[in-house]
Amino acid sequence: MELSLLRRKYPRFIYKGYSFALSKGNLAISFDFAVPASPADGPPDISFHPRVLIKNVPQKDIKRVGEKTLRNLVFHLGLMEIPSYWKATCSPEIIVEAGYLNARQISWWKDLIMQGMGEYFYKNKIDFTKSNFLSIISLAKSRSGKLNLVKESLTKLSLREKVLVPVGGGKDAAVTLELLKQAKIPLHPFMLNPKKEQLAIARISKTGDSLVVERSMDPKLFELNRKGYLNGHTPFSAYLAFLAVLEAVLFDYKYVALSNERSSNEGNVKYLGKIVNHQYSKSFEFEKKFREYSRLYLSKDVEYFSFLRPLYELQIAKLFSRYPQYFHAFLSCNEANKTKSGKKKPTGKWCGKCAKCLFVFLALSPFAGEKATINIFKKDLLRDKTLKPLLGDLTGKRKFKPFVSVGTIKESK
């Protein structure tokens, strides 16, 4: 649908509220978003109600954390849900009624949307550089009128010396788990909507029971996508950051150890004078900004960092090659889990045709060996002539790096 029409018809995206309750041992969270149509354009209004289920939460942990702290963390998780739904209409205003944001926080969230959704702007040909493109307005009042009310009200918690390791399906988390095991510090995998490859990596690592969260997207979003409303990439790793801090506080973990690497700092393409980075929320720039925000407004006690930050993808591939027990289990092909807005079932296997598959093949084969790498992908990708254009993209023959999580152009070369 046409951008100007959507922005005129849906001028406001409203974060109305959230709720949570302990039910059958799980913490059930729901959010309430409204996108009212302008009176001039008439119905239909749009509403979204995404849900999150945090599994196996003891009542004693709810009591230990306290309602005030938990409310603040859930409120922020709702803020992080906004980009996934706001993108359908690209409304000029985001109204926050669910809680209070000061001017510094509003600036932080606007910066995250501008940088974290660069690929969305690029693919939808949206000029996000205009001064009136987006306003974020907080309607909730602070009781004391102080701008740093949230910062002053953070509860001091003495979290235990344990490490929470978010696990995707790729090689990076496996390397983090194996290396941290050597430190003899208690650690546990953390998984969001776990797929078979995530479960397999956690099982092979032998690092104990996993913490599991189920996130349910509102089906209405996929209906709108099929009708032609806007769609595109959102900063998923930023969502994972807010969720991981909530998990750490709730389950008494001092450390959240991500597996984001140095290669993610490189952007993909220049658009309207700005560098678009598909991996922005995995970058060191975001990591630093989030650590500061977390200490001010989420928890003074949680240490959020990427354990693999000093390493490039090639160095991680070399380390991963030492752990062949994961070769049959890991899967980081983007096509493997795509549903096309609910129109198709995910394949759950390497496609052997995308830039992600090609890069992983390139990075792993020098260290794991040609035979083992071919066995992972069930074919030799370097002998597939149809992949030559993708190889050109990865090695910088065009001024465009594919919008997937791959290494730098120099690494591919």
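It should be noted that the structure appears before, not after, this text.
Keep in mind that this is a model prediction, so the values were computed, not measured.

Trainee: What should I look at first to understand the overall build of the protein in this one?
Mentor: The secondary structure content of the protein amounts to 16 helices and 13 strands. Computed over C-alpha atoms, the radius of gyration of the protein comes to 22 Å, within 12% of the 22 Å expected from 2.2 N^0.38 for 413 residues, which places it in the range of a compact globule. Taking the principal axes of its C-alpha atoms as reference, the protein extends roughly 65 × 50 × 35 Å. With 413 residues in all, the protein has 56% of them scored as buried. Of the roughly 18,900 Å² that the protein leaves accessible, carbon and sulfur atoms contribute 53%. The protein carries 70 positive and 37 negative side-chain charges, and their two centres are separated by 3 Å.

Trainee: For this particular structure, what's the right way to read the pattern of salt bridges?
Mentor: When their charged atoms lie close together, side chains carrying opposite charge are able to pair. For the structure on display, the rule yields 21 salt bridges. The closest approach of N and O atoms between Lys289 and Glu285, which form a salt bridge, is 3.0 Å. Residue Lys289 and its partner Glu285 are located together in helix H11 (residues 284-297), separated by four residues, close to a single helical turn. The class of Lys289 is partly exposed, set by a relative accessible area of 25%. Given the relative accessible area of 34%, Glu285 is considered partly exposed. When salt bridges that share partners are traced, they join Lys60, Asp61, Arg64 and Asp252 into one network.

Trainee: Whenever I open this one, the nonpolar core confuses me. Can you help?
Mentor: Proteins that are soluble and globular tend to have nonpolar side chains buried together. In this structure, Ile54, Trp86, Trp109 and Phe121 are the most contacted members of the largest nonpolar core, which totals 88 residues. Considering each element in turn, this core owes the most residues, 13 residues, to helix H10 (residues 236-251). Apart from the residues lying within four places of it in its own chain, the contact partners of Trp109 are His76, Leu79, Met80, Leu101, Ile136, Phe242 and Tyr293. Grouped together as the second largest cluster of nonpolar side chains are 47 residues, Ala174, Ala202, Phe320 and Trp350 included.

Trainee: Honestly, helix H7 (residues 171-181) in this entry has me stumped. Any pointers?
Mentor: Since the α-helix advances by 3.6 residues per turn, residues separated by three or four positions end up pointing in the same direction. Taken across its 11 residues, H7 has nine buried, putting it largely inside the fold. By the burial criterion, the buried members of H7 are Lys171, Asp172, Ala173, Ala174, Val175, Thr176, Leu177, Glu178 and Leu180. Its buried side turned inward, H7 meets strand S7 (163-166), strand S8 (187-192), helix H8 (196-205), strand S10 (255-258) and helix H12 (313-320).

Trainee: Looking at this structure, I do not really get the side chain of Ser263. What am I missing?
Mentor: Take Ser263: it is sitting in the loop between S10 and strand S11 (269-271). The exposure class assigned to Ser263 is buried, which follows from its relative accessible area of 0%. Polar side-chain contacts of Ser263 include one of 3.0 Å to the backbone nitrogen of Glu313. Not counting residues within four places of it along the chain, the set of residues in contact with Ser263 comprises Gln279, Leu311, Tyr312, Glu313, Val406, Gly407, Thr408 and Glu411.

Trainee: Is there a simple way to explain the environment of Ser107 in this structure?
Mentor: Among the structural elements, Ser107 can be located in helix H4 (residues 103-116). A sequence separation of 29 residues divides Ser107 from Ile136, and the C-alpha atoms of the two residues are 8.4 Å apart.

Trainee: Help me understand the packing of aromatic side chains, please; the structure alone is not making it clear to me.
Mentor: What characterises a pair of aromatic rings is the spacing of the ring centres plus the angle enclosed by the ring planes. The final tally for this structure, using the stated rule, is 36 aromatic pairs. A ring pair is formed by Trp108 and Trp109, whose centres lie 5.2 Å apart and whose planes are at 75°; its orientation type is edge-to-face. You'll find Trp108 and Trp109 in the same group, each marked buried. Through a chain of ring-to-ring contacts, three or more aromatic side chains come together here, namely Trp86, Tyr120, Phe121, Tyr122, Phe128, Phe133, Tyr271, Phe400 and Phe403. One residue, Arg215, lies across the ring of Tyr239, its end atom 3.8 Å from the ring centre.

The rules behind each value
Residues numbered from 1 in each chain as written. Predicted model: local features only at pLDDT ≥ 70, side-chain atom pairs only at ≥ 80, totals over all residues. Heavy atoms only, no water. Helix = DSSP H or I, 4+ residues; strand = E, 2+ residues; numbered from the N terminus. Rg over C-alpha atoms; globule rule 2.2 N^0.38 Å. Buried < 20%, exposed > 50% of the residue type's maximum accessible area, 1.4 Å probe, protein only. Areas by Shrake-Rupley, 256 points an atom, 1.4 Å probe, with all protein chains shown as cover. Lys, Arg positive; Asp, Glu negative; His and termini not counted. Charge placed at Lys NZ, Arg CZ, Asp CG, Glu CD. Salt bridge = Lys/Arg side-chain N within 4 Å of Asp/Glu carboxyl O. Core = buried A, V, L, I, M, F, W, Y, C linked by side-chain atoms within 4.5 Å. Contact = heavy atoms within 4.5 Å. Polar contact = N/O pair within 3.5 Å; in protein donor to acceptor, adjacent residues only side chain to side chain. Phe/Tyr/Trp six-rings, centres within 6.5 Å; stacked < 30°, edge-to-face > 60°. Lys NZ or Arg CZ within 6 Å of the ring centre and 35° of its normal.

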